[in-house]
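Overview (structure and organization)
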Amino acid sequence: MVRLCFIALLSAVMISCDSPLGLSTLESEIQGKVIFINPELKPDYVEAVRIVAAVQIPPQSLGDVIFTYSGVDLSSERSDYRIPAPPAEYQLVAAVWKQKGKAWNYANILGFYGFDPVTYDFEYIPVHVRENSLSQNIDIYCDWTLAYTADAGAGD
């Protein structure tokens with residue numbers, strides 16, 4: 001009975017909460033595709049790839065960065081991604097890779113929005129996220145040759 005009352009009370013509180021309390025769902029997102037160039041060159045030491053978005057470069061705190069909670073599909077040359085994103089202007093939306101057995105290093109950039117891996121031309125294109133909106137077609141081209149590290153594979 002106590003458990004049922006607790007669940008009912010919690011449900012009532014959650015239904016009555018709105019965004020000024022920070023308890024509502026986030027309705028704005030950044031969406032796009034990750035397109036892997038040179039898929040045959042994917043190193044064995046790459047464990048995962050996530051998408052990050054930064055309000056400023058370089059980020060000054062964790063509050064300046066958002067990221068996907070799960071990695072993108074590495075078995076496909078094209079993979080969709082979605083990041084719930086608070087309204088802001090994001091200066092960089094990038095794909096970062098993680099080495100097996102190591103912590104995430106968000107400087108391991110594999111590609112970013114505005115990067116052309118064929119010509120190696122790039123332009124930092126800000127992504128504007130407005131409240132309750134979708135920023136779509138923020139496609140990121142990633143070149144596996146950028147996933148090189150001098151100590152990769154050592155001891156793996």
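Just so it is clear, the structure is predicted and the values come from calculations on it, not from any experiment.

1. Thoughts on the overall build of the protein chain
Of regular secondary structure, the protein chain possesses one helix and twelve strands. Tracing the protein chain from N to C terminus, the helices and strands come up as α-β-β-β-β-β-β-β-β-β-β-β-β. Counting only residues that meet the buried cut, the protein chain has 33% of its 156 residues in that class. Long-range contacts, defined here as pairs at least 24 residues apart, represent 74% of the contacts in the protein chain between residues at least 6 apart. As presented, the protein chain carries roughly 9800 Å² of accessible surface, and 56% of it is formed by carbon and sulfur atoms.

2. Quick notes on the pattern of salt bridges
Pairs can form between side chains of opposite charge whenever their charged atoms are close. If you walk through the whole model with that rule in mind, you get three salt bridges. Linking Arg82 and Glu29 is a salt bridge whose minimum nitrogen-to-oxygen distance equals 2.9 Å. Placement of the pair is Arg82 in strand S4 (residues 78-84) and Glu29 in strand S1 (residues 29-37), with a sequence separation of 53 residues. A salt bridge links Glu47 to Lys98, with the shortest nitrogen-to-oxygen separation between them at 2.9 Å. Here Glu47 is found in strand S2 (residues 46-54), whereas its partner Lys98 is found in strand S6 (residues 92-99), with 51 residues between them in sequence. On the accessibility criterion, Glu47 (41% relative accessible area) is partly exposed.

3. So, a nonpolar patch on the surface
On the surface, Ile57, Phe122 and Tyr124 cluster together into a nonpolar patch covering about 330 Å² of accessible area. Within the secondary structure layout, Phe122 lies in strand S9 (residues 121-122). Look at Phe122 and you get exposed, because its relative accessible area is 51%.

4. Observations concerning the pairing of S1
Counting buried residues in S1 gives seven out of nine residues, a clear majority hidden from the surface. As judged from the seven bridges shared by S1 and S4, these two strands associate in the antiparallel manner. Of the residues in S4, the one forming a bridge with Lys33 is Asp80. Of the pairings in the sheet, the one linking S1 to strand S11 (residues 134-135) comprises two bridges and is parallel in character. Among the inter-strand pairings, Ile30 is bridged to a residue of S11, identified as Ser135. Two elements, S1 and strand S12 (residues 140-143), share four bridges in a ladder whose sense is parallel. Residue pairing across strands places Ile35 opposite Tyr141, the latter belonging to S12.

Thresholds, definitions, all that
Residue numbers restart at each chain and count upward from 1, following the sequence in its written direction. The model is predicted, so local features are restricted to residues of pLDDT at least 70 and side-chain atom pairs to those at 80 or more, both for listing and for counting; the totals for chains, interfaces and linings are taken over all residues. Side-chain figures throughout are based on the complete set of non-hydrogen atoms in the structure, without hydrogens or water. The way it works is that DSSP assigns letters per residue, a run of H or I at least four long becomes a helix, a run of E at least two long becomes a strand, and they are numbered from the N terminus. Exposed residues in this analysis have more than 50% of their type's maximum accessible area, buried residues have under 20%, and partly exposed residues fall in between, with area computed by a 1.4 Å probe over protein chains only. Two residues qualify as a contact provided that any one of their heavy atoms is within 4.5 Å of a heavy atom in the partner residue. The Shrake-Rupley method, run with a 1.4 Å probe, gives the accessible areas here. Residue values count only the displayed protein chains as cover. What counts as a salt bridge is simple: a side-chain nitrogen of Lys or Arg found within 4 Å of a carboxyl oxygen of Asp or Glu. Exposure above 30% relative accessible area and the lack of any salt bridge qualify a residue for a patch; like charges then connect within 9 Å, and the nonpolar side chains Val, Leu, Ile, Met, Phe, Trp and Tyr within 5 Å. When DSSP finds at least two bridges between two strands, those strands are taken to pair.

Function-wise, these values are silent; they only describe arrangement.
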